[in-house]
Amino acid sequence: MKSVLVLDATAKNTRAYTDATLSVRRAVRELNKLGSSFDGPVDNAPNESTQILVWTDDSHGATVRFFADLENDVMYLQNEAPTPEELAGMEKVFRGHLSIATLDELKHDAALERDDTGHSLVRLAFGAPMDIDDEIATQLKNGLRSKDTLVRRNAGFAMVITTWPELTPDLASAAKVEEYPEVKALLTRYLEVLGRVNRRS
């Protein structure tokens, strides 16, 4: 079982990142006091723009991954546990230490975004449910039709994050008509990734 919690704070705010990291550490320590056996963190950063700290509890089959994505200005927790009850218990502890964005807040932020980046669409996608949400799907489709190339690119990336196969035709259409070669190449790559993810599921 997996879940994702998107933080209210953004990744590019250095103080917010530091505070969030300390809060995650405190939450993991609390989980260990409650009976977990998390080791770490291990720094799993794949590149300069993405920081990943990982804690593992091999005895209970649980994992905590804390992501700070500087490129998309989002911080989030990816939690994994063997049962819904254990996962809910982990989430409860993290919510006690961190300010977590609700899905409604993420939708609202994406609808009001005015900086022409599409970062709020990426944040929204990380917080999206497993099954397709029509309101979110519409926001992502609208992003693909934006006049701003960065928004179109990030809308495509957000579609991959959701893993919703229902969005494949819209992403394919956007890639076909995209005029900017760099964005067209990225949308085509996102389309391929979305297809691979859904073939494995």
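The rules behind each value
Residues numbered from 1 in each chain as written. Predicted model: local features only at pLDDT ≥ 70, side-chain atom pairs only at ≥ 80, totals over all residues. Heavy atoms only, no water. Phe/Tyr/Trp six-rings, centres within 6.5 Å; stacked < 30°, edge-to-face > 60°. Helix = DSSP H or I, 4+ residues; strand = E, 2+ residues; numbered from the N terminus. Buried < 20%, exposed > 50% of the residue type's maximum accessible area, 1.4 Å probe, protein only. Pairing = 2+ DSSP bridges. Patch = residues over 30% accessible without salt bridge, like charges linked within 9 Å, V, L, I, M, F, W, Y side chains within 5 Å. Areas by Shrake-Rupley, 256 points an atom, 1.4 Å probe, with all protein chains shown as cover. Salt bridge = Lys/Arg side-chain N within 4 Å of Asp/Glu carboxyl O. Lys, Arg positive; Asp, Glu negative; His and termini not counted. Charge placed at Lys NZ, Arg CZ, Asp CG, Glu CD. Axes fitted to C-alpha atoms, helices over the stretch in contact; angles between N-to-C directions. Parallel < 35°, antiparallel > 145°, perpendicular 65-115°, else oblique. Left-handed = near helix turned anticlockwise from the far one by under 90°. Contact = heavy atoms within 4.5 Å. Nonpolar A, V, L, I, M, F, W, Y, C, P; charged D, E, K, R; others polar. Polar contact = N/O pair within 3.5 Å; in protein donor to acceptor, adjacent residues only side chain to side chain. Arc of directions from axis to C-beta.

Q: So what exactly am I meant to see when it comes to the packing of aromatic side chains here?
A: Throughout the structure, instances matching the rule amount to four aromatic pairs. When the centroid spacing of 4.0 Å and the interplanar angle of 25 degrees are considered together, the rings of Tyr76 and Phe126 count as stacked. On the criterion of sequence distance, the pair formed by Tyr76 in strand S5 (residues 74–80) and Phe126 in helix H4 (residues 119–126) is long-range, its members being 50 residues apart. A relative accessible area of 8% means that Tyr76 is categorised as buried. Residue classification places Phe126 among the buried residues on the basis of a relative accessible area of 12%. Chaining the aromatic ring pairs together yields one cluster made of Phe67, Tyr76 and Phe126.

Q: Before we go on, may I ask you to explain the pairing of strand S2 (residues 39–43) in this structure?
A: Looking down a regular strand, the side chains alternate between one sheet face and the other. Pairing of S2 with strand S3 (residues 50–57), which is carried by three bridges, proceeds in the antiparallel orientation. In the strand pairing of S3, Val42 is matched with Val54. Following S2, the chain reverses through six residues before pairing antiparallel with S3.

Q: Explain a negative patch on the surface to me, please; I cannot follow it from the model alone.
A: Where like charges cluster on the molecular surface, the negative patch consists of Asp8, Asp104, Glu105 and Asp109. Within the fold, Glu105 resides in helix H3 (residues 103–112). Glu105 gets classed as partly exposed once you look at its relative accessible area, which sits at 37%.

Q: Help me out: how do you make sense of the packing of H3 against helix H5 (residues 134–144) in this one?
A: Packed helices, taken two at a time, are described by the angle between their axes plus the distance between the axes. With their axes 11 Å apart at the nearest point, H3 and H5 run at an angle of 25 degrees to one another. Put simply, H3 runs roughly parallel to H5. Seen from above, H3 lies across H5 with left-handed handedness. Residues Leu103, Lys107, Ala110 and Ala111 of H3 form the contact with H5, whose participating residues are Glu135, Ile136 and Gln139. Grouping the constituent residues of the contact of H3 with H5 by class yields four nonpolar, one polar and two charged.

Q: So what exactly am I meant to see when it comes to the environment of Asp57 here?
A: Here Asp57 lies in strand S3. A residue is classified by how much of its surface remains accessible, and Asp57, at 1% relative accessible area, is buried. Separated by 118 residues in the primary sequence, Asp57 and Ala175 place their C-alpha atoms 42 Å from one another. Setting aside residues up to four positions removed in sequence, Asp57 forms contacts with Ser36, Ser37, Phe38 and Ala62. Here the side chain of Asp57 touches His60 through a polar contact of 2.8 Å, side chain to side chain.

Q: What exactly am I supposed to notice about H3 here?
A: In an α-helix, one full turn covers 3.6 residues, which means residues spaced three or four apart are oriented alike. Looking only at H3, the buried set comprises Leu106, Lys107 and Ala110. Angularly, the buried residues of H3 cover 100 degrees about the axis, an arc narrow enough to put them on a single face. Across from the buried face of H3, at angles greater than 90 degrees, the exposed residues are Asp104 and Ala111. Of the surrounding elements, those touching the buried residues of H3 are strand S1 (2–6), H4 and H5.

Q: Looking at this structure, how should I read a positive patch on the surface?
A: A cluster of basic side chains, namely Arg25, Arg26, Arg29 and Lys33, defines a positive patch on the protein surface. Within the secondary structure, Lys33 sits in helix H1 (residues 14–33).

Q: Would you mind going over the side chain of Asn72 with me for this structure?
A: Relative to the elements of secondary structure, Asn72 occurs in the loop between strand S4 (62–69) and S5. Asn72 gets classed as buried once you look at its relative accessible area, which sits at 4%. Side chain to side chain, Asn72 and Asp69 meet in a polar contact 2.9 Å long. The contact partners of Asn72, leaving out residues within four places of it in the chain, are His119, Val122, Asn154 and Phe157.

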